[in-house]
Amino acid sequence: MTKRADRMSRGLIAFAFVSCAATLGCSELNAPIYFKGQTFFAAGKDDPLPVGGLTLRFRAPTDAEQMKLDADSTARGYDVPWVSRDKVHIEVSYKVTFRCPTPDERSRADDPPTFDCDASMLDGTHAFTLMVDGADQFTKYDTQVVSAALQQAADDPPRFLPLIPVIPRMLAPGESFSGVVREDDFAEGELDLDALGRWLDTDPASPTFAGVLINRSEVAPHTGLGMVPGFDPNNLNPLVVPAMTEVDLRLQTDVPMAIEFFVRVRDDDDRLWHNDSDPMFNPDPTLFQPPATM
Amino acid sequence: MAAALATSCLCGAAPARAQVTSEPSAVVFPDPEKFARGLYTEGEFGGLWFNGPAGSDVGVGFAVGARVGYDIFRFFALQAHLVGSTHQTQGDTAVAGQLLQMYQATVEGKLTLRLVQWSFFAEGGLGLARMSSNLLFALGIARYRTGFTAGGGGGVDYHFLSRHFSVGLRGGYYLLRDVSNSRDGMVTTYLRYTF
């Protein structure tokens, strides 16, 4: 073998191995983790709305990480969250079906559906609305609680202001709709939740509640974000926004429907709790109450 | 005149005597003995699909792979194989449309029958298959992200007149034990360089 061929051979072998290693390495860098939520059901015209969801478990910061968080918090003048939006990215995939619960679902051990439902009586086309709420490490938002607080009289129709609303869809009996609540929807909802929980502005000219829920944060005049530290209409990124640690879904519809869902998490810094030996992060978020009832 | 005759008899060439002992052998071109043998690498690309329980939830994907091997004999080689493929989930689930990658690493034996520039081969081996995420676990199909795989296949190879290069087409079929005994099939085309 000539020297040139020898160099070429070594180069090709190295290239093959480096390519393989790089492919594997890249795939591990940002691999999402999926959590299957338990299917839940709407009987139709439910009050309160049926709710399902799950709480994500994170490991507690190490001593070194805690020291860095403390230093960042001191430098910024507010509590920098351990579970932050720039490190933890959430997405929900769901499928809503206009149907009755199956016998298997009725016999499941955990929270089986108990309402009467006759599949032969399902007819017409009906809408459903999916609402996404949740909690970060500081604040919990519950659409049902907020709705009750906003209700002026007992017979007033409920008004729902979820953190992340999903466009209503129509379904015929047996039909399904699959959709995704994307990471950017969660990013917006997480900023709104933090603004409601930690940076609540009661100025009637730019109220955080319900201004941030109705308006997109990046759109002028950035309603309700006036108290956010370092707020700059041209740059909404200086705040370290907490990510959700709990995701709650509510299904509003007039007929029996089932919703299956998965929560997908991209965990950039490996903060989800994997090992039994790691101490768990146990946040205690405060339930948000709208200003009128506080 | 007499002198010329005498010179002709004394200096003329001796009579030729030829003897044919066998048919001349046919020239084989190119001579496979001149093809390089020993350490080789291959790069491949093609398609990979799932059968069995994962078949309804995971679509056909694009596959890229590499092999490094050594021809121990003319007819037998040992090789290491790594292939990665990317797929999209499908079907009637809430997570239809999600991306998923699978990586398979196997150690294989390879038997080859060479016919001048063409060769036909069969290969088989075992190793590990790893999913890029726990998506199949969430769907209830897989137990672990990394699991056992075994299988084999075959193909055809065409050697260029170059001493080192050949190309080929191969197919393979592998069991994925920890993906509910699903199987995956792949068809790839490859370029091989033998050092």
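Residue numbers restart at each chain and count upward from 1, following the sequence in its written direction. Written order determines the labels here, with chains lettered from A and ligands numbered from 1. Reporting of local features is limited, given that this is a predicted model, to residues whose pLDDT is at least 70; pairs of side-chain atoms are given and counted only at 80 or more, and all residues count toward the totals for whole chains, interfaces and linings. By convention in this description, side-chain values take in all heavy atoms of the structure and omit both hydrogens and water.

**Details of the state of the cysteines**
Residue and element names in this part refer to chain A. Two cysteine sulfur atoms form a disulfide, by the criterion used here, when they sit within 2.5 Å. Inspection of every chain in the model, using the stated rule, returns one disulfide over all chains. Here Cys100 is linked by a disulfide to Cys117, with a sulfur-sulfur distance of 1.8 Å. Judged by the sign of its S-S torsion, about -70°, the bond between Cys100 and Cys117 is left-handed. One end of the pair, Cys100, is in the loop between β5 (88–97) and α3 (103–106); the other, Cys117, is in the loop between α3 and β6 (126–135), with 17 residues separating them in the sequence. A 1.4 Å probe rolled over the protein chains alone gives each residue an accessible area, and that area as a share of the maximum for its type sets the label: buried under 20%, exposed over 50%, partly exposed in between. Accessibility expressed as a relative area gives 11% for Cys100, which makes it buried. Secondary structure elements are defined from DSSP: runs of H or I of at least 4 residues count as helices, runs of E of at least 2 residues count as strands, and each element is numbered from the N terminus.

**A word on the sheet that holds strand β8 (residues 182–194) of chain B**
Residues and elements named next belong to chain B. One closed barrel accounts for eight strands, arranged β1-β2-β3-β4-β5-β6-β7-β8; its pairing is antiparallel. Across the sheet, the mean angle from the axis of one strand to that of its neighbour is 25°, orientation sign disregarded. DSSP-based pairing: two strands are paired if at least 2 bridges between them are found. Sheet topology note: the strand β1 (residues 39–51)/β8 ladder contains twelve bridges and is antiparallel. Residue pairing for β8: Leu48 is matched across the bridge by Met186. Fitted lines through C-alpha atoms give the axes, limited to the stretch in contact for helices. The angle between two N-to-C directions lies from 0 to 180 degrees.

**A closer look at a nonpolar patch on the surface**
Residue and element names in this part refer to chain B. Taken together, Tyr70, Ile72, Phe73, Phe75, Leu78 and Leu111 make up a surface patch of nonpolar side chains, about 590 Å² in accessible area. Positionally, Tyr70 belongs in strand β2 (residues 61–71). The exposure class of Tyr70 is partly exposed, given its relative accessible area of 45%. Each patch is built from residues lacking any salt bridge and having more than 30% relative accessible area; the joining distance is 9 Å for like charges and 5 Å for nonpolar side chains (Val, Leu, Ile, Met, Phe, Trp, Tyr). Accessible surface area values rest on a Shrake-Rupley calculation with a 1.4 Å probe, where residue burial reflects the displayed protein chains alone. Here a salt bridge means any side-chain nitrogen of Lys or Arg lying within 4 Å of a carboxyl oxygen belonging to Asp or Glu.

**Considerations on the confidence of the model for chain B**
Across chain B, the average pLDDT comes to 90, with 91% of residues at 70 or higher. Averaged pLDDT values over the elements of chain B bottom out at 55 in helix α1 (residues 2–11) of chain B and peak at 97 in strand β5 (residues 118–131) of chain B. How sure the predictor is of each residue is captured by pLDDT, a score from 0 to 100.

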